[in-house]
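The lines below spell out each chain.
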Amino acid sequence: MASVSLLKSGILYFKLLYENSAPRMLRLLAWPILCAMLFVLTSCSNFDKEFTVYSANTTIEVYTDGGAFVLENFDILVKKAENYGGVYVDIPQRFTDASGGVHWRDFELAAARRDGIDEYYFKENSVLGYSVYIGTEHCKGCSADLLTGVTKIQIAYWLGRLVRQEGDREVLFLPAYMGRVHGQGAKKTLTLKLPPGGTVRPSQQDRAAAYDITRSAPNEILVSIPVGKADRKLPDIEIEYPAGTFVTVTSGDRVRWWLSDHLLPCISILGPLIASLFVLIRLGQSWRLTAPSIAVDGKKTESISPALAAYVFWNWKPDAAKAAFMASVCHLATKRLLRISGLGENAEASDLSARQVRKKGKVARARWYGLPAVTRSVFGRIEGERPVNDRRTVVYGLYGFEPDLHQIVAEEYRKVRGGADRAALKTSATILVLGIATAYLSGLLIFSAAICGILFIVFLVVTMFRHPERFPVATGTSEQFKQAISLFVGLPAILIVALGYIGMTEVIGEQQPYLVAILLHIVGIIVVLAMLRMPTSKQRQMRNNILSLHHYFHGEIDGPPMSIECYEHHLPFAVALGVEQRWTERFNLWRESEKMDAYAPDWRISS
């Protein structure tokens, strides 16, 4: 059903793409992509149509150390000339004891053979144990098909931790069927070679309906499982021994076993817990707001540029660029590095004395480079404008400069933050490692990678629509072709493969809780990285200082006493906050109260 739904969605998507896309290249590429989707969705192998399992015979030799050597033989009929090229043998390791505790049997692969010859194999993790592929290697130039007819698959491995203590007795427990091939219901027989002294315990379940047990020799038991019985649903075979029959387990073994039993559940929970703890701590820090200032400290404004004050005050809106630019122009003027005719849109600049400052001695250059980077960049924009009668229109320098201005101010804002948020980066990296480990141990690594691939494509497409300026269009013909191929072939191809794998991969019941845990890991990483956008304590303090400065300009709170130096020092910030007229009125009232002559600064153009 998932494949059919995916196919319908893909056909609808590419039909709309074909009918509504204007560029010819899109129309040329749409149908090849659709054909690729059809090929992926229809190329999944069907085990029942390609193979049939005739019989399965297993020999298990149990040792007094609590381990066993297992040899399994499968007779498989290859029905189709074109087939998957091999089979998966599932080895169950997960079991539940009498008290309901979940434990793992130790597993070590010894050999994998086909028709008596060592065969290519690889192991995949699963919640229930291992899935071992035995067959032809899938590689470029390899013939991945098995020859039709009967073939014999053989796998040998060691198992450990097969004995548990119950009071004064020791119980050997074995699964009724050690391995399975794609859930086939073939006839199965097990030969158990056991240490002497054991007694088969009657199972609490209806074992007689599941399989037959006969003692073929004093220390040998034959288990026969009829056709059609589900391999994993059969009750365990339990054999009771007197205490001391098997090797005593050391405390070190118990610790190692406990860690292996609880590793996967622990790491699957640990990642979301770390993310939740990090978010709670950060939110707690953001809720602890500093007390509002009752007075302004003029020195606190010396550590930031007027442009940054403008962006922070106007919440980083696009309109803040103009206020930031004019505040930087005013900053240059009050530092006597140029002269301006006013602070409005028609302001003009002349007498760019910063040219001489940069050419003078060490002290003068220190004065120049002591300015914020954004202020120096604004001067460069004004300097690059063509003068008319030795005057340059200031606002012309802003045209086309907004993205660079925003980037320079954002870099200054990150420095106020105190550098990169290493705590968030380390936390997200830790959650990522835990998520990868959970996906690997639960056998969902490729499935999780497919989910991440889909999320990445969605994020990329949304970002392209919201911020197209971050994805400039290539200029050359070849570059444009490569860009079109990446956009209209590469991304859909990744999406097709990811959706196809998810639609055709079964997540068994035991894997579902870990799939939820992996999704929570992904959400945790996204949330932690989103916290990078939250202001730090230094940034919040800086914003509070800017807001206090705004109140100070309106005369609502106390601050530095008015003077010419105070007026000129704060004038760029008044321009940044859009209250330069109010600040100038306060200054003029102060002049009148002090009976001062008219104020004519040397940084203003008089005519």
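Per chain, residues are indexed from 1 in the order of the written sequence. Only residues with pLDDT of 70 or above have their local features reported here, since the model is predicted, and side-chain atom pairs are shown and tallied only from 80 upward, although totals for entire chains, interfaces and linings are computed over all residues. As a rule here, side-chain values cover all heavy atoms of the structure and leave hydrogens and water aside.

(A) Fine view of unusual backbone geometry. Even without being glycine, Arg161 reaches a positive phi, approximately 60°. Note on conventions: DSSP H or I runs of at least 4 residues are helices, E runs of at least 2 residues are strands, and numbering of each starts at the N terminus. Within the secondary structure, Arg161 sits in the loop between strand 10 (149-160) and strand 11 (163-166). Positive phi is not limited to glycine here, since Arg336 has a value of about 60°. Looking at the element boundaries, Arg336 is found in the loop between helix 6 (320-334) and strand 19 (339-340).

(B) Molecular detail of the packing of aromatic side chains. Pairing of aromatic rings covers Phe, Tyr and Trp, the last counted by its six-membered ring, and requires centre-to-centre distances within 6.5 Å; plane angles under 30 degrees mean stacked, over 60 mean edge-to-face, and any other angle means tilted. Taken as a whole and judged by the stated rule, the model has 25 aromatic pairs. Both rings, one in Tyr567 and one in Phe587, keep their centres 4.1 Å apart while their planes meet at 15°; by these two values the pair is stacked. One end of the pair, Tyr567, is in helix 16 (residues 564-576); the other, Phe587, is in helix 17 (residues 580-594), and 20 residues separate them in sequence. Neither residue differs from the other here; Tyr567 and Phe587 are each classed as buried. Among the aromatic residues, ring-to-ring pairing joins Tyr552, Phe553, Tyr567, Trp583, Phe587, Trp590 and Tyr599 into one connected group. In this scheme, the term charge over a ring applies when either NZ of a lysine or CZ of an arginine sits within 6 Å of the ring centre and within 35 degrees of the ring normal. Geometry around Tyr552 places Arg586 over its ring, the cationic atom sitting 5.2 Å from the centre. Three labels apply to residues, based on accessible area from a 1.4 Å probe with only protein chains included: buried if under 20% of the type maximum, exposed if over 50%, partly exposed otherwise in between.

(C) Looking closely at helix 10 (residues 402-417). Given a rise of 1.5 Å per residue, 16 residues ought to cover 22 Å, and the 22 Å separating the end C-alpha atoms of helix 10 matches this to within 8%. Looking only at helix 10, the buried set comprises Leu405, Val409, Ala410, Glu412, Tyr413, Val416 and Arg417. Angularly, the buried residues of helix 10 cover 160° about the axis, an arc narrow enough to put them on a single face. In this structure, helix 10 carries Pro403, Gln407 and Lys415 as exposed residues pointing more than 90 degrees from its buried face. In this scheme, a helix's expected span is set at 1.5 Å multiplied by one less than its residue total. By construction, the arc corresponds to the directions joining the helix axis to the C-beta atoms.

(D) Fine view of the sheet that holds strand 8 (residues 121-126). Note on pairing: DSSP must find at least two bridges between two strands before they are called paired. What the four strands build is an open sheet, ordered 8-9-3-13; its pairing is antiparallel. Of all the strands in the sheet, the pair left with one neighbour each is strand 8 and strand 13 (180-181). When strand 8 meets strand 9 (residues 129-135), the two strands line up antiparallel, connected through six bridges. By the bridge assignment for strand 9, Phe122 is matched with Tyr133.

(E) Looking closely at the pairing of strand 1 (residues 51-62). Bridge count between strand 1 and strand 2 (residues 68-78): eleven bridges; the pairing is antiparallel. Across the sheet, residue Ser55 finds its bridge partner in strand 2, namely Asp75. Alignment of strand 1 against strand 14 (residues 187-193), held across seven bridges, turns out to be parallel. Its bridge partner lying in strand 14, Asn57 is registered against Thr189.

(F) Main features of the pattern of salt bridges. Salt bridges are defined as contacts in which a side-chain nitrogen from Lys or Arg sits within 4 Å of a carboxyl oxygen from Asp or Glu. Considering all chains together, one arrives at 13 salt bridges under this definition. Across the salt bridge formed by Arg114 and Glu119, the nearest N and O atoms sit 2.4 Å from each other. Taking relative accessible area as the criterion, Arg114 reaches 23% and is therefore assigned partly exposed. Between Arg582 and Glu585 there is a salt bridge, and its shortest N-O distance comes to 3.9 Å. Taken together, the positions of Arg582 and Glu585, both in helix 17 and three residues apart, correspond to about one turn of that helix. Accessibility expressed as a relative area gives 34% for Arg582, which makes it partly exposed. Salt bridges sharing partners connect three or more residues here, namely Arg164, Glu166 and Glu238.

(G) Highlighting the confidence of the model for the protein. Note: pLDDT gives the predictor's confidence per residue, expressed from 0 to 100. Here the protein shows a mean pLDDT of 81. Residues at 70 or above account for 83%. In what follows, a contact means two residues having at least one pair of non-hydrogen atoms within 4.5 Å. Low confidence marks residues 1-44, where pLDDT is under 50. Its contacts with residues over four positions away, or in another chain, come to 44 contacts.

(H) Structural context of a nonpolar patch on the surface. A contiguous nonpolar surface patch, about 550 Å² in accessible area, is contributed by Leu432, Ile436, Tyr440, Leu445, Ile446 and Tyr501. Mapped onto the nonpolar patch, the elements with two or more residues apiece are helix 11 (422-441) and helix 12 (445-466). In terms of residues, the nonpolar patch owes the most to one element, helix 11, which gives three residues. Inspection of the secondary structure puts Leu445 in helix 12. Like-charged residues are merged into a patch within 9 Å and nonpolar side chains (Val, Leu, Ile, Met, Phe, Trp, Tyr) within 5 Å, provided each residue has over 30% relative accessible area and no salt bridge. Under the convention used here, a 1.4 Å probe and the Shrake-Rupley method define accessible areas, while residue burial counts only the protein chains that appear.

(I) Spotlight on the nonpolar core. Throughout, nonpolar core names a set of buried Ala, Val, Leu, Ile, Met, Phe, Trp, Tyr and Cys residues whose side chains join them through atoms within 4.5 Å. Counting residues in hydrophobic clusters, the biggest one holds 58 residues, and the most contacted among them are Phe325, Leu405, Phe553 and Trp583. At the level of elements, helix 5 (306-313), helix 6, helix 9 (373-383), helix 10, helix 15 (537-553), helix 16 and helix 17 are the ones that each hand at least two residues to this core. In this structure Phe553 touches His570, Phe573, Ala574, Leu577, Val579, Arg582, Trp583 and Arg586, once residues within four positions along its chain are discounted. Val62, Ala68, Val70 and Ile134 belong to the second-largest nonpolar core, a separate cluster that totals 43 residues.

(J) Spatial organisation of the packing of helix 10 against helix 15. Two numbers describe how helix 10 lies on helix 15: the axes approach to 7 Å, and their chain directions differ by 115°. In terms of orientation, helix 10 and helix 15 fall into the roughly perpendicular class. The residues of helix 15 that touch helix 10, namely those facing Tyr413, Val416 and Arg417, are Lys538, Gln539 and Met542. Grouping the amino acids of the contact of helix 10 with helix 15 by side-chain chemistry returns three nonpolar, one polar and two charged. To obtain each axis, a line is fitted to C-alpha atoms, and for helices this fit is confined to the stretch in contact; angles are then taken between N-to-C directions over 0 to 180 degrees. If an angle is under 35 degrees, it is roughly parallel; if it is over 145, roughly antiparallel; if it lies from 65 to 115, roughly perpendicular; otherwise it is oblique. When residue character is reported, Ala, Val, Leu, Ile, Met, Phe, Trp, Tyr, Cys and Pro are called nonpolar, Asp, Glu, Lys and Arg charged, and the others, Gly included, polar.

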